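Report on the structure
Residue-level listing of the chains:
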Amino acid sequence: MKNQFEMVIHNINIATMATTDDYGVIHDAAICINQGKIERIIKQVSQQPDITLDIETAIDGQGGWITPGLIDCHTHLIYGGNRANEFEMRLQGATYQEIAQSGGGIVATVNATRSSSEDELFKLAAKRLSYLIDEGVTSIEIKSGYGLDLKTEQKMLQVAKHLDQFSPVSVSKTFLGAHTVPPEFKGQDDAYIDLVCETMMPHLHQLGLIDCVDAFCENVGFTTAQTERVFQAAKQLGLPVKLHAEQLSDLGGSALASQYDAWSVDHLEYLSEHDIPLLKNSGTVATLLPGAFYFLNESQLPPIDGLRKHNVPIAIATDSNPGTSPCLSLLLMMNMATTLFKLTPHEALAGVTRHAAKALRIDEKVGMVKEGMQADLVLWDIETPAELSYRMAGNPCRAVIKNGKVILNKLPTEQ
């Protein structure tokens, strides 16, 4: 038997993530790639001496493990400045109110982002993205929301578009104009929502800069009525929605989001048990953000058992942002998801592969290792897939492949 392939990765084990209750393990395998897709998966290669492969590039996996490329489905990666000084102030006893009154908090990030050029924001975001790629991320979602005016929101989304074009990974662009009320609209929340719905969103959509629309529905953010106005505007433009919901209180944001068939609802520490079936019925993914939970010293756990009971897909993401989750490690989030939220290692890996793909509605292309799927793959120097959640530090990533192209390789390549 002879086959010609552009790339073959051999001497590997595979956690395909193609089954719902386990890793979908294939031992002693090879993956054959053509035109950016997985054309063939060969099982028990050592027992098939009659196979002859005509290969342009071969990668010896040295007995390591292949998983789907990791997907970070909730980030705020584009912003100016940082808030390390506020972290230090909090540790010294300052309250959030005191920090905000001194010009800190999200206002500080908004000001820094508004004053940064598009080139400066691109360089900062590309540097942050490089850390994620180094740990196997091949697809990512990036939100706006630190501009809070048309000019800066457009600038942020243009940076996200350029990252999609010029970085080696895929970027999903989310418009989060309804993140918080900017200083110039203080006390005029509804007027700001008018601007988001009637000016910002239509203009940015016309420019092709929006893949999805998000909002922050919370007692320190926007009401469900204001959030629904954002959803209605998105619906009129044919744009899908997602939502920051139930992070600090239960306002019923997830129930509202399910009415609009939201791609995902994210955070969910205060999600009510009676709203969980609504997520299942609408096909909405529950995205958990353990980094923010940890960084804010939260004690209210998301209703994991209820999500399991109703078979709601659970995704995991970094929520990378300067204020509440300054995290650039999806592997660390997997560890925190298991230790803080009591997910199993399988659930954690599914949360950054197949379920994260569904949260971005790219699950027909990526998130599993299957014939016909896009060849977004990571090679790990591990003995078992559970090790990806087990480690608290250290990076076992040895190679990253995106669309059948090697974008990171720490192993020798045979030509």
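Residues numbered from 1 in each chain as written. Predicted model: local features only at pLDDT ≥ 70, side-chain atom pairs only at ≥ 80, totals over all residues. Heavy atoms only, no water.

Put simply, the rule reads: UniProt positions are given in the numbering used here, feature names are shortened, and annotations may be inferred rather than shown by experiment.
Under the annotation held in an unreviewed UniProt entry, the protein carries the name Imidazolonepropionase and is attributed to Aliikangiella maris. As stated in UniProt under Function (unreviewed entry), the record for the protein gives "Catalyzes the hydrolytic cleavage of the carbon-nitrogen bond in imidazolone-5-propanoate to yield N-formimidoyl-L-glutamate. It is the third step in the universal histidine degradation pathway." You can read under Sequence similarities (unreviewed entry) in the UniProt record for the protein the words "Belongs to the metallo-dependent hydrolases superfamily. HutI family."

1. Structural notes on the overall build of the protein
Applied cut-off: Helix and strand definitions here come from DSSP, where helices need a minimum of 4 consecutive H or I residues and strands a minimum of 2 consecutive E residues; each element is numbered from the N-terminal end. Note on method: radius of gyration uses C-alpha positions; expected globular size equals 2.2 Å times residues raised to 0.38. Using a 1.4 Å probe on the protein chains alone, a residue whose accessible area is under 20% of its type maximum counts as buried, one over 50% counts as exposed, and one in between counts as partly exposed. Residues are treated as being in contact if the distance between any of their heavy atoms lies within 4.5 Å. Per-residue and other accessible areas follow the Shrake-Rupley method at a 1.4 Å probe size, with only the shown protein chains counted as cover for residues. In this tally, Lys and Arg are treated as positive and Asp and Glu as negative; His is ignored, and so are the chain termini. Note that the charge is assigned to NZ on lysines, CZ on arginines, CG on aspartates and CD on glutamates.
For the protein, the count of helices and strands is 15 helices and 17 strands. What you see for the protein is a C-alpha radius of gyration of 22 Å, in line with the 22 Å of a compact globule of 415 residues. Considered along the principal axes of its C-alpha atoms, the protein spans approximately 75 × 45 × 45 Å. Here the protein holds 415 residues, and the buried ones make up 57% of them. By sequence separation, contacts in the protein at least 24 residues apart represent 71% of the contacts at least 6 residues apart. Accessible surface computed for the protein: about 16900 Å², of which carbon and sulfur atoms make up 49%. Distance between charge centres in the protein, computed from 33 positive and 50 negative side chains, equals 3 Å.

2. What about the nonpolar core?
For the record, the criterion: Here, nonpolar core refers to any group of buried Ala, Val, Leu, Ile, Met, Phe, Trp, Tyr and Cys residues whose side-chain atoms link them within 4.5 Å.
I78, I140, F175, M201 and V213 are the most contacted members of the largest nonpolar core, which totals 86 residues. Ranked by residues supplied to this core, first place goes to helix 6 (residues 189–206) with 7 residues. For I78, the contacting residues outside a window of four places in its chain are L121, A125, R128, I142, Y146, M156, V159, A160 and L163. With 19 residues, the next largest nonpolar core counts I14, I66, L377 and A399 among its residues.

3. Here's the deal with the UniProt feature "binding site: Fe(3+)" (unreviewed entry) in the protein
Put simply, the rule reads: Residues adjacent in sequence count toward polar contacts only when both atoms are side-chain atoms; beyond that, a polar contact is any pair of N or O atoms within 3.5 Å, and within protein one must be able to donate a hydrogen and the other to accept it.
UniProt feature "binding site: Fe(3+)" (unreviewed entry): in the numbering of this structure it lies at H74, H76, H244 and D319. A maximum C-alpha distance of 12.3 Å among these annotated residues, which run over 246 residues, shows that they cluster at one spot. Here H76 is to be found in the loop between strand 6 (70–72) and helix 1 (84–91). Discounting chain neighbours no more than four positions away, the residues touching H76 are K143, S144, Y146, L176, H179, H244, D319, S320 and N321. Side chain to side chain, H76 and H74 meet in a polar contact 3.2 Å long. On the secondary structure map, D319 appears in the loop between strand 13 (314–316) and helix 12 (330–339). Residues in contact with D319, not counting those within four places in the same chain, are H74, T75, H76, H267, L289, A292, T324 and S325.

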